[in-house]
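So you can see what is in the structure, the chains are spelled out below.
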Amino acid sequence: MDSRITDTDVLVIGGGGAGFRAAIEARNRGVETVLVSKGPLARSGASPLAGADYTLDGKSLNELGFPGDPNDSYEKFFNDIITQGFHLNNQKMVDQYIRGAKAGLKDLLDWGLKAIFSEERAIFTSGTGIMDVMLRRAKEVGVRLFEDVMLTDLLTRDGKAVGALGLDIKTGQFVRFRAKAVVIATGGWHKAFYPTTGMRDLSGDGISMAHRAGAEIGNMEFITFACNIPLSPPIWRGSIVTYILFTLCGGELTNNLGEAFLKQYDPYVVETACFMEWNKSILSWASYREVRAGKGSPNGGVYLGIGDQSWEEYERKALQFFGSWKYKSMDLSEMARMLREKELIEVGPAVEYFDGGITVNERFETGLEGLYAAGECTMGMFGANRICSAITEMVVQGAEAGRQACDYAKRVDCLFPEADMFDALQDKALAPLARREGIRPAPLRKRIQLMAHEHLGPIRTRQGLEEFLKFLETTKREQLPNLAADSPGRTYNKEWVEALELAGMVHLLEAATRSALFRTESRGVHYREDYPNTDNDDWFLESRVKLQGDGLEIYKQPVTVTSTAPSTGSLPYLEMVKEMMKAHSEIGGHH
């Protein structure tokens, strides 16, 4: 048989922060644990790219010896997360996030993490620093590690998750994982969009395979776009450098007529948003309005410059973060020259974060017994808009998911999947290699990405969503069954991998598009141009997606509320945003 078998108590799928933290916790509690990373260990997914800020309330930060705001509190932090999430947050998960943040940060510090600097409600470090610490700790406690292995499908037996099929990308050999409990921690699905700030391996495999296996997903319409992402030249595209520059140093955004278009909006909303995480949503929305009005740049964005401030003042602020005009491995000297000489940089919105995903409770159980999920691949924590760190999310949720999966594995008997179940999934995975004529995945993927950005981007309409849905249905029916890899070779065949990814990406795009059509209001990062009000009477509800045969059914579900709910009524989107901003505690600044 062209495969090998790996047995374990807990199988963790995902090589980012949530996956490593779950694996460390499970193994530390005495069960055999395997972690599978789609790419290189500690260097794939979103976590290594992070800035990275770890947010917690200022009082707890102060107690850990950092200059946090001692006047901050649990109550203020809770209020900010809920109000800025448009009250769509699972409040039990928010409570868990805040209460677990201090212990989670202390673990990282004890394992050797170094803080670069801190502010009122966050410490800043690097994503690679966090992952290096976690990789070292995972090895110390004895987690078995697999890298460059893509998981294609979950296996179930008697209504329980019992394993998964993997593909070793470097060798082309299948790996059959058999487990008592499975944790999905595969992050977002950035690859379904272009442009994006995420890694190309983030194709949503974990969310789609969980959904196919019987777990539900929800709030798929809430997709965060980072504003002011460089669109040209190609070497800068997708970097968050210009996003950080605008946040730190200010500047001016103009359209192709030279108009500073932010001046047409409420000054309070613009000024406040620019120094909060809200800038992502509001500025992406405002920039995309210019593009839709025919006032955009050649690559579908707007223009960024330093505005009226002096170069000396601008550079002074920039160098506090970008010493010697360097950022990670990027040399920013050419960008500095352009800004100094008043040349404009083409920027625009790009996908950055997914607020929806696999439905879980506060124990990170999915609707499928034995299957757990943590981190960005889940829904609930951030509601309709994320304003604090996904780093804290992955650490707190990963640890709890690992604990729960460990406890489950200890109390259940082993229930291995049948060999013929693996055989059938392998045959399905090999199909693109067997076709000599067919659809090449790369051109189809690029077309899907561009249409996703256009129709499922910062501004949605019924007409655009229905057009995109029609395209996705045709793609499912006519293109996906005919995908073919040019080479039949199985060793490091990236085209084969891309063919395997596409079906899951289309599945998630369909779920998100149907959910965006279903939610006939504008809330958080979901803006419907044809339904521009936030409606707390009819839409203070989650959207859920379940499989019904070969189709998807969207339905409403009450939000998990423990203490606070929004006021009733309906308000225009920007008016509601203004109300949300005024409810902010004014502690913590931008994260």
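First, a word on what this report is: a plain description of the structure on this page. Bear in mind that the values here come from a model prediction, so they are computed numbers and not experimental data.

As for the overall build of the protein chain
Point 1. Secondary structure summary: the protein chain contains 17 helices and 22 strands in total.
Point 2. Classification of the 591 residues of the protein chain by burial places 62% in the buried group.
Point 3. When contacts within the protein chain are restricted to residue pairs at least 6 apart in sequence, those whose partners lie at least 24 apart make up 75%.
Point 4. For the protein chain, the computed accessible surface area is about 21,400 Å², with 49% contributed by carbon and sulfur atoms.
Point 5. Once the 68 positive and 80 negative side-chain charges of the protein chain are each reduced to a mean point, those two points are 3 Å apart.

Side note on helix 10 (residues 311–319)
Point 1. Those residues of helix 10 that fall on the buried side of the exposure criterion are Trp311, Tyr314 and Ala318. Projected down its long axis, helix 10 carries its buried residues within an arc of 65 degrees, all on one side.
Point 2. Turning to helix 10, the residues buried within the fold contact helix 7 (241–249) and helix 11 (333–340).

Considerations on the pattern of salt bridges
Close approach of charged atoms lets side chains of opposite charge pair.
Point 1. One pass over the structure, following the stated rule, counts 54 salt bridges.
Point 2. Here Glu63 makes a salt bridge to Lys102, at a shortest N to O gap of 2.6 Å. You can see Glu63 sitting in helix 2 (residues 58–63) and its partner Lys102 sitting in helix 4 (residues 91–110), a full 39 residues away along the chain.
Point 3. Residue Glu63 is classed as partly exposed on the basis of its relative accessible area, which comes to 46%.
Point 4. A salt bridge links Lys191 to Glu498; its shortest N-O distance comes to 3.2 Å. Within this pair, whereas Lys191 is found in the loop between strand 9 (174–184) and helix 6 (205–213), its partner Glu498 is found in helix 16 (residues 494–518), the two being separated by 307 residues in sequence.
Point 5. Overall, the relative accessible area of 9% leaves Glu498 in the buried class.
Point 6. Three or more residues are tied together by salt bridges with common partners; here these are Lys38, Lys191, Arg200, Asp205, Arg445, Glu498 and Glu501.

What about the environment of Cys227?
Point 1. For Cys227, the position within the fold is in strand 11 (residues 223–230).
Point 2. For the pair Cys227 and Thr378, spaced 151 residues apart in sequence, the C-alpha to C-alpha distance is 23 Å.
Point 3. In this view, Cys227 contacts Tyr243, Asn279, Lys280, Leu283, Ser284, Gly348 and Pro349; residues no more than four positions away in its chain are not counted.

Focus on the sheet that holds strand 13 (residues 302–305)
Point 1. The sheet built from four strands is open, its strands ordered 11-16-13-12 with antiparallel pairing. Lying at the two open borders of the sheet, with one neighbouring strand each, are strand 11 and strand 12 (252–254). Pairs of neighbouring strands in the sheet enclose a mean axial angle of 40 degrees, with direction left out of account.

Let's talk about the side chain of Thr186
Point 1. Mapped onto the elements of the fold, Thr186 is located in the loop between strand 9 and helix 6.
Point 2. A distance of 3.4 Å separates a polar atom in the side chain of Thr186 from the backbone nitrogen of Gly206.

Structural notes on helix 3 (residues 74–84)
Point 1. All buried positions along helix 3 are accounted for by Phe77, Phe78, Asp80, Ile81, Ile82, Thr83 and Gln84.
Point 2. Remark: Phe86 follows helix 3 within two positions and exhibits a positive phi of approximately 55 degrees.

Re the nonpolar core
Point 1. Tyr54, Trp189, Phe193, Ile358 and Leu509 are the most contacted members of the largest nonpolar core, which totals 119 residues.
Point 2. Of the residues forming this core, the biggest block, ten residues, is contributed by helix 16.
Point 3. Excluding residues that lie within four positions of it along the chain, Leu509 makes contacts with Trp189, Ala192, Phe193, Ile448, Ala452, Leu456, Phe468 and Leu472.
Point 4. Counting residues in hydrophobic clusters, the runner-up holds 57 residues, among them Ala226, Tyr265, Tyr314 and Val559.

Regarding the sheet that holds strand 5 (residues 122–124)
To summarise the sheet geometry, strands pair through backbone hydrogen bonds and adopt either a parallel or an antiparallel arrangement.
Point 1. Taking strand neighbours across the sheet as the criterion, the three strands line up as 3-5-4 in an open arrangement whose pairing is antiparallel. At either end of the open sheet lies a strand with only one pairing partner, and these are strand 3 (53–55) and strand 4 (117–119). Taking each pair of neighbouring strands and ignoring which way they run, the sheet shows an average axis angle of 20 degrees.
Point 2. Where strand 3 lies against strand 5, three bridges are found, and the strand directions are antiparallel. Residue pairing for strand 5: Tyr54 is matched across the bridge by Ile123.

Looking at the side chain of Thr359
Point 1. Along the chain, Thr359 turns up in the loop between strand 17 (357–358) and strand 18 (371–373).
Point 2. Those residues in contact with Thr359 that sit more than four places away from it in its chain are Glu216, Ile217, Gly218, Glu365, Thr366, Gly367, Met379 and Arg544.

Looking at the layout of surface pockets
Taking a probe equal in size to a water molecule and rolling it over the atoms shows the remaining empty space.
Point 1. Of the pockets and cavities examined, the second largest pocket occupies roughly 770 Å³.
Point 2. The wall of the second largest pocket is formed by 30 residues, among which Arg212, Lys428, Leu480, Ala503 and Gly504 lie closest to the centre.
Point 3. At the level of elements, strand 7 (149–157), helix 6, helix 13 (419–434) and helix 16 are the ones that each hand at least two residues to the lining of the second largest pocket.
Point 4. Ranked by residues supplied to the lining of the second largest pocket, first place goes to helix 16 with eight residues.
Point 5. Here the lining of the second largest pocket is built from residues that sort into 16 nonpolar, five polar and nine charged.

Reading guide: rules and limits
Residues numbered from 1 in each chain as written. Predicted model: local features only at pLDDT ≥ 70, side-chain atom pairs only at ≥ 80, totals over all residues. Heavy atoms only, no water. Helix = DSSP H or I, 4+ residues; strand = E, 2+ residues; numbered from the N terminus. Buried < 20%, exposed > 50% of the residue type's maximum accessible area, 1.4 Å probe, protein only. Contact = heavy atoms within 4.5 Å. Areas by Shrake-Rupley, 256 points an atom, 1.4 Å probe, with all protein chains shown as cover. Lys, Arg positive; Asp, Glu negative; His and termini not counted. Charge placed at Lys NZ, Arg CZ, Asp CG, Glu CD. Arc of directions from axis to C-beta. Salt bridge = Lys/Arg side-chain N within 4 Å of Asp/Glu carboxyl O. Pairing = 2+ DSSP bridges. Axes fitted to C-alpha atoms, helices over the stretch in contact; angles between N-to-C directions. Polar contact = N/O pair within 3.5 Å; in protein donor to acceptor, adjacent residues only side chain to side chain. Core = buried A, V, L, I, M, F, W, Y, C linked by side-chain atoms within 4.5 Å. 1 Å grid on protein atoms, 1.4 Å probe; cavity = no way out; pocket = protein on both sides within 12 Å on 5 of 7 lines; lining within 4 Å. Points joined across faces, edges and corners; volume = space filled by probe spheres on them. Nonpolar A, V, L, I, M, F, W, Y, C, P; charged D, E, K, R; others polar.

Nothing here speaks to function; it is all geometry.
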